[in-house]
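Structure at a glance
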There are 2 protein chains.
Amino acid sequence: MNKVYVVGMGPGDAGMMCREADKILQECDTIIGYTVYVNLLRDVYPGKEFLTTPMTQEARRCEMAFEEASRGKKVVMVCSGDAGVYGMSGLMLEIGAAYPEIEVKVIPGITAALSGGAVLGAPLTHDFAVVSLSDRLTPWEKIEKRLELAAEADFSICIYNPASKGRPDYLQRACDILLRVLPPERICGTVENIGREGETARLYTLKELRDAEVNMFTTVFIGNSMTKEIGGRMVTPRGYRI
Amino acid sequence: MNKVYVVGMGPGDAGMMCREADKILQECDTIIGYTVYVNLLRDVYPGKEFLTTPMTQEARRCEMAFEEASRGKKVVMVCSGDAGVYGMSGLMLEIGAAYPEIEVKVIPGITAALSGGAVLGAPLTHDFAVVSLSDRLTPWEKIEKRLELAAEADFSICIYNPASKGRPDYLQRACDILLRVLPPERICGTVENIGREGETARLYTLKELRDAEVNMFTTVFIGNSMTKEIGGRMVTPRGYRI
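Below is a short write-up of the structure. Remember, predicted model here, so these are calculated numbers, not experimental data.

**Quick notes on the relation of the copies chain A and chain B**
- Note on the copies: chain A fits chain B at an RMSD of 0.0 Å, the axial shift is 0.0 Å, and the rotation between them is 180°. Classification of the inter-copy transformation places it as that of a two-fold axis.
- Mapped onto chain B, 99% of the interface residues of chain A are again interface residues, and the two copies thus contact each other with one and the same surface.

In structure tokens form, the structure reads like this:
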């Protein structure tokens, strides 16, 4: 059966992808993805055919992948971070229903919750929730409800897409919701440009985070009730006695 | 500054760890971890010193890592999946407070939510929560509350440690809590032995999952209100129009 691959690149360049992903990229004919991520791979995998579509053309990008695979090519759709978490594997499987002769094989990657967590220390050692603040595909009311219930459940929370040019104040709005439930001194952290030049980690209280400057390359972490700062790192204990 | 590394191995053997993790393991002197995971690495990284402690000896394992690093060795503490998510990075940073001259460097890995999700298809494409059913270090009432609020928030939910010999009925108890909020026909999935021999994925309704057989090598996925089955795969749409 002909296969098309959806591969998570992990953060930054190709150093943080898993060895299986690297092997598939080395063996493939065609690499397809969002322009920014494909450009990171051009020098790492020379001699491949590179296809891109801009943001908002995600469905077209998937169709292109299946069309190329139908021609007998070994095609890889690349995603930043994981192939699943806010990635393309879901849409590939939805669109793949029209191409039953092609199997969709998903290769996971290290999503920003894990890679950013590693930079900060250990914010997600225990139960956690992941929430995107992008309301491009999700109603804001639903995002708000998820934040509030995640805080009530005492999850550590990892926030993706905390801001963009069109929504500069979304993290502030999210913090205002969290502050209804959580104390203002709750330990939080941000990581910018994970695995890339300019990687920066910062710790805040929740009150300070409300006014922090973030952008579309920032991942945000809200501690749970046990989270503490140890030597400048953000640490959520698992509960071992020491 | 002397460093000690906490490295996530990803699922199964060494094929799913990131290239950076592999590089650090190749260069190190000493690999330390839980016996089962260290044994997976003995043949992959010959010539290293291997140190292990059994489960329940986690704090001692961390102390051993710092003691070896204090002697000038390059030490790697390995974790299955990610270094953070239910991993050792938190405890390493807590115990590391007594060794301020040694920096703890965390290298993330692919946790079962991502690797198991890739096998099932795309269950975690949108906001999600991760909950462990192990009540060894967490009161059961807290686990119960988290499950109920995660369901109310319409998160996809990934469940770690759904059962063990001492708690054979915990998934059933968790499903009973979820069924207070979610419909019995909600799409769910399980993956057993991710990335290892015997890897098996199964789809269920939530009602069927309640009576499914699971063990300590199973990861469980509960869909959100949009999750559907497409060609035998579990797919949570991100919301793109197609």
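Having seen the structure, we can now continue with the description.
**So, the packing of helix α6 (residues 140-152) of chain B against helix α7 (residues 170-178) of chain B**
Residue and element names in this part refer to chain B.
- Where α6 contacts α7, the axes come no closer than 9 Å and their chain directions differ by 45°. In terms of orientation, α6 lies oblique with respect to α7. Relative to α7, the crossing made by α6 is right-handed. Listed contacts from α7 to W140, E144, L147, E148 and A151 of α6 are Y170, R173, A174, I177 and L178.
- When its residues are assigned to classes, the contact of α6 with α7 shows 7 nonpolar, no polar and 3 charged.

**Points about the interface of chain A and chain B**
- Taken together, the 69 residues of chain A in the interface contact 68 residues of chain B.
- Roughly 6,000 Å² of surface becomes buried between chain A and chain B when both sides are summed, with 62% attributable to carbon and sulfur atoms.
- Ranking the residues of chain A by area buried against chain B places A:R19, A:R146 and A:Y240 at the top, with a combined share of 13%.
- Seen at the junction of chain A and chain B, the total is 10 salt bridges.

Conventions used here
Residues numbered from 1 in each chain as written. Chains lettered and ligands numbered in written order. Predicted model: local features only at pLDDT ≥ 70, side-chain atom pairs only at ≥ 80, totals over all residues. Heavy atoms only, no water. Least-squares fit on C-alpha atoms with pLDDT ≥ 70 in both. Contact = heavy atoms within 4.5 Å. Axes fitted to C-alpha atoms, helices over the stretch in contact; angles between N-to-C directions. Helix = DSSP H or I, 4+ residues; strand = E, 2+ residues; numbered from the N terminus. Parallel < 35°, antiparallel > 145°, perpendicular 65-115°, else oblique. Left-handed = near helix turned anticlockwise from the far one by under 90°. Nonpolar A, V, L, I, M, F, W, Y, C, P; charged D, E, K, R; others polar. Buried area = accessible area lost by both parts, 1.4 Å probe. Salt bridge = Lys/Arg side-chain N within 4 Å of Asp/Glu carboxyl O.

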